[in-house]
Every structure is written in C-alpha cells, then in structure tokens.
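An overview of the molecular structure
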Amino acid sequence: MVRTRFAPSPTGYLHIGGVRTALFCWLYAKNQKGQFLLRIEDTDVDRSTQESIDAIHEGMQWLNLNHDEEPVYQSQRMDLYQQKAEELLESGCAYRCYCTQEELDAMRKEQSERGENPSYDGRCRELKESKNGEFVIRFKSPEEGEIIINDHIFGNVSVNNQELDDFILVRTNGMPTYHFSVVVDDHDINISHVIRGDDHLKNTAKHIHLFNAFGYKLPEFIHLPMILGPDGVRLSKRHGAVNILEYKQQGFLPEAMLNYLARLGWSSGDQEIFSIKELVEKFDLTNINKSSARFDAEKLQWVNQQHLSSLDNQKLSELLAEQATKEDIELPSQEKMLLFSEAYKSRADNLNDLLSNAHSLFSEKIEIEEKAAKKHLRSLILKPLKDLVNEFEETTWTKKNIHGAIEKMCKKHQIGFGKIGQPLRVAVTGNSISPPIDVTLALLEKEIAIIRLRTAIEYIENRT
C-alpha cells in the first residue's frame with residue numbers, strides 16, 4: 001500500500017512551499033487508494049513551539065488535507081531513537097565522538113586554511129574505549145565509492161561518498177538529528193514514498209546509507225523542484241511565502257489554493273481549473289515538472305475568482321454568513337443572500353470583497369463615491385429619476401417588473417437604458433459597478449431602494 005507523509009518542523013508558520021509538498025503527498029496517496037500521514041518533527045526543543053504546531057494543524061484543517069492516522073510527534077519517540085542508536089553502535093555502523101566544540105572549530109579552521117571544505121575528519125572513528133565527558137553519536141559513513149539515488153523526477157543521481165562526512169545521529173543532549181529520526185520514523189510507520197523538496201536531495205544520500213545500515217527496505221524517493229518567486233530567486237515572504245492562514249484571512253478559498261499549488265510543478269494537459277476530485281483522479285508522478293515553478297500572485301487571484309464564480313450559492317452564502325458573524329456584520333435573509341451570491345460572485349476576487357459588497361449593499365446607509373456621483377448624478381437625469389421613483393411606488397417588486405418600469409421611463413424620456421442605468425447604480429450601491437441594475441434593485445427591499453433614490457435626487461437638486 002502507498003503511504004506518504006508530510007513532516008513539517010514546528011519552528012515557524014506553514015507556508016506555500018510546505019503546503020505544496022503536503023498537497024502532492026496527499027494527492028498521490030489518495031490517487032493510489034493509499035494513506036497520508038502527518039508527522040511533527042519537533043525535536044528542536046529550542047525552536048519548536050506549540051503555537052507553530054497549532055498553526056500547522058489549523059492550516060491543514062482549512063485546506064482539508066486530512067491525515068489518515070493520528071499525528072506522529074517525534075518528541076514522544078525518544079526511547080525508540082535511543083534504541084536504534086544503540087543498535088548502530090553495536091553493529092559498528094556508528095561511534096561516539098568526544099570532540100569538543102573548540103576542537104571542531106580549530107579543525108575546520110585548519111581545513112579552510114588549506115583550501116579544503118570543512119568537514120569532520122573522523123578522528124574519533126576508531127576509538128576502542130569509551131572516554132569521560134559529553135559525546136555525540138556519529139554515523140560511520142563509507143569513505144570510498146558513491147551512492148546512487150534513484151529519484152522519480154531526477155532519475156539516477158550520483159553522490160560521491162567522500163562528500164559525506166561522519167554526520168551526527170544523536171546530539172550531546174540526547175536529541176536525534178533530522179537525518180537519524182527521519183529514517184527511523186519512515187521505516188517504523190511504513191512510509192512507501194518520500195515526497196519532499198529537492199533541497200533534500202543530497203541529504204537523501206545520507207539517508208540511504210542509514211537505511212542500508214539498518215537493513216531497511218528503501219522507500220521510493222520523489223524530490224520536488226523548489227518554488228521560485230516571480231524574479232526567479234527562491235520564494236520568500238516578499239513574494240507571498242507567508243503563513244498559509246493569511247490567505248484564509250484574505251478571503252481565498254481552500255479549493256482554489258490547492259488548485260493553484262497543484263499546478264505549481266504539475267500539469268494535466270492544458271487544464272487550469274480543477275476540482276479536488278479531479279486533482280485526485282488525475283494526479284500522477286510522471287507529470288511533475290523537473291524545472292522550478294514560479295509563484296504568481298495574480299494567477300492565484302484569477303484561480304480563486306474562477307472557483308468563487310462556480311461555487312454553489314448555498315455553500316457560498318454559508319461561508320459569507322460565517323465570516324459576517326466573525327466580523328459582526330449583519331446580513332439579510334438566507335433567501336436574499338442566495339440571490340446576492342448568484343448576482344455578485346463572478347464580480348469579486350475573494351470572499352472578503354464579496355462580503356464587503358454585501359455589507360455595502362445591505363447597509364442602512366451607503367457611502368456614495370464622490371467621483372461616481374459627480375459623473376452620473378447630474379441635472380439631466382433628475383426628471384427621469386423622479387418619474388421612476390413614482391413608478392416604483394406602484395411596482396410589484398420583482399426583477400421583471402423593475403426592468404419593465406425602467407424601460408417605460410426610458411421610452412417616456414427618450415433615453416437609452418444605460419443613460420439611466422448608471423445613475424440608478426450609483427444611487428442604490430454608491431458606485432458605478434454592480435450586476436445588472438434590475439438584478440441589483442431586486443436584491444433590496446423596495447422601500448430601501450426608493451429611499452436611496454430620493455437621496456440621490458436630493459443630491460442632484462442641491463448641486464443645481
């Protein structure tokens with residue numbers, strides 16, 4: 001069975017790069033009818049925080065990247081790591097190193113002065129007896145030959161063993177290093193496919209040596225090319241590599257985020273917009289690109305708008321109601337919000353914009369943009385607006401009847417529909433952008449629409 005895992009370190013927020021890795025792990029597991037696991041790599045006691053752990057869980061929950069088993073916390077597995085370290089010591093694949101920090105610093109300084117790459121020189125490698133004092137446990141790396149990494153994306157990658165020094169497995173405080181714990185855990189929880197960033201490619205050479213030392217079966221390796229910013233350099237906070245929950249706060253839909261991130265390095269023909277179901281059905285490893293993808297905030301916004309405009313009105317109205325409650329914004333009835341969602345969802349980029357539109361439209365008092373008022377609320381439209389108000393007083397308030405009343409006034413005053421449509425739009429919404437004016441008016445209670453029109457008439461009269 002395919003078993004993948006996402007293994008973040010809780011030393012900061014969950015960002016775009018981490019989410020893309022989690023998504024690819026999740027998609028491949030679901031596509032293969034396998035299982036997706038979450039492992040919290042919290043052995044860095046000085047930097048790991050509960051706040052970061054909570055943010056990881058909240059981000060994964062928002063994105064609906066649900067794991068199939070209880071999360072694994074490395075901090076709760078110290079006994080296992082100690083046991084495995086002892087096994088390597090007994091088999092001769094690891095040794096205790098008693099070098100002090102001062103000795104290591106001096107050694108690296110001498111190497112640098114000779115023009116060599118600083119690395120541990122193995123001076124404790126052949127010690128036969130234990131010594132007093134603190135020690136780390138190091139892996140006894142092969143000193144000759146090469147290791148071949150068979151990667152699904154990059155093919156066979158050769159690493160010279162001389163590039164790998166005797167790396168540390170267990171620190172002086174007894175905590176395992178990343179290289180050690182990741183191998184122990186991937187075997188212990190039966191991970192079949194390791195999917196992670198290509199910045200770990202050389203680390204994988206170390207991990208293969210450890211797998212072999214334990215006699216463990218190797219998992220499949222898939223290293224994802226990193227995400228770059230629009231300028232071609234590694235993605236950073238200034239490009240958008242912020243806490244994934246900030247995108248939630250900005251009104252992005254989780255489905256849109258996943259759609260966009262799936263297309264950052266993977267493709268299925270020319271298709272751009274995918275439902276989650278389609279992503280699961282079509283995702284494979286062969287169509288992951290070898291080259292790095294570039295993060296494009298405008299493209300993400302476009303993808304979000306596409307998902308927003310196709311979202312079920314019932315679901316959308318529920319999301320708006322949930323957000324409105326958090327922000328203490330009063331919205332009209334669910335029936336009205338269903339109509340509003342249908343009318344406005346193709347005209348907003350995110351949920352926040354949509355909620356702002358709803359708040360503005362349904363507020364007791366609206367703010368009219370001065371520029372729009374000066375352009376459209378002019379004396380030449382005064383008489384048609386007055387007559388329209390009188391007509392609306394007698395109109396049964398439906399979209400069809402509203403449209404008919406406006407057409408009647410256009411015919412009476414011999415003006416085009418657009419000549420009165422924009423002034424109407426400014427009068428009832430405060431700006432010159434909205435769905436068709438008959439649709440917009442039908443969303444409002446008739447009494448409110450008439451009050452706003454009378455206010456606009458008063459504005460025109462005061463200017464003349």
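Now for a description of the structure that goes with this document. The structure presented is a predicted model; accordingly, all values stated were derived computationally and were not measured.

Take the overall build of the chain next. Broken down by element type, the chain carries 19 helices and 12 strands. In terms of overall size, the chain is more extended than a compact globule, its C-alpha atoms giving a radius of gyration of 32 Å where 464 residues would be expected to give roughly 23 Å. Overall size of the chain, expressed as C-alpha extent along the three principal axes, is 105 × 45 × 35 Å. Expressed as a percentage of its 464 residues, the buried residues of the chain come to 50%. Excluding contacts between residues fewer than 6 apart, the proportion of contacts in the chain whose partners are at least 24 apart in sequence is 75%. Just so you have it, the chain exposes about 23,400 Å², and 45% of that area is on carbon and sulfur atoms. Averaging the coordinates of the 57 positive side-chain charges in the chain and doing the same for the 71 negative ones gives two points 7 Å apart.

The next thing to look at is the sheet that holds strand 5 (residues 136–139). One open sheet accounts for three strands, arranged 4-5-8; its pairing is antiparallel. The strands lining the two open edges of the sheet, one partner per strand, are strand 4 (94–97) and strand 8 (168–170). Neighbouring strand axes in the sheet, compared pairwise and without regard to direction, differ in orientation by 40° on average. Contacts from helix 3 (residues 78–91) reach strand 4, strand 5 and strand 8, with the element oriented near 100° to strand 4.

By the definition in use, this model includes zero disulfides. In this structure Cys99 is not part of a disulfide, and its nearest cysteine sulfur, from Cys124, lies 3.6 Å away. Given a relative accessible area of 15%, Cys99 falls into the buried group.

All right, on to the pattern of salt bridges then. Going through the model one piece at a time under the given rule, you end up with 27 salt bridges. Between Glu272 and Lys299 there is a salt bridge; the shortest N-O distance is 3.3 Å. Taken together, the residues span a long stretch of sequence, with Glu272 in the loop between helix 8 (254–262) and helix 9 (276–282) and Lys299 in helix 10 (residues 297–310) at a distance of 27 residues. With relative accessibility at 26%, the residue Glu272 sits in the partly exposed group. Judged by relative accessible area, which is 28%, Lys299 ranks as partly exposed.

What counts and what doesn't
Residues numbered from 1 in each chain as written. Predicted model: local features only at pLDDT ≥ 70, side-chain atom pairs only at ≥ 80, totals over all residues. Heavy atoms only, no water. Helix = DSSP H or I, 4+ residues; strand = E, 2+ residues; numbered from the N terminus. Rg over C-alpha atoms; globule rule 2.2 N^0.38 Å. Buried < 20%, exposed > 50% of the residue type's maximum accessible area, 1.4 Å probe, protein only. Contact = heavy atoms within 4.5 Å. Areas by Shrake-Rupley, 256 points an atom, 1.4 Å probe, with all protein chains shown as cover. Lys, Arg positive; Asp, Glu negative; His and termini not counted. Charge placed at Lys NZ, Arg CZ, Asp CG, Glu CD. Pairing = 2+ DSSP bridges. Axes fitted to C-alpha atoms, helices over the stretch in contact; angles between N-to-C directions. Disulfide = S-S within 2.5 Å. Salt bridge = Lys/Arg side-chain N within 4 Å of Asp/Glu carboxyl O.

Interpretation in functional terms is not warranted from these geometric data alone.
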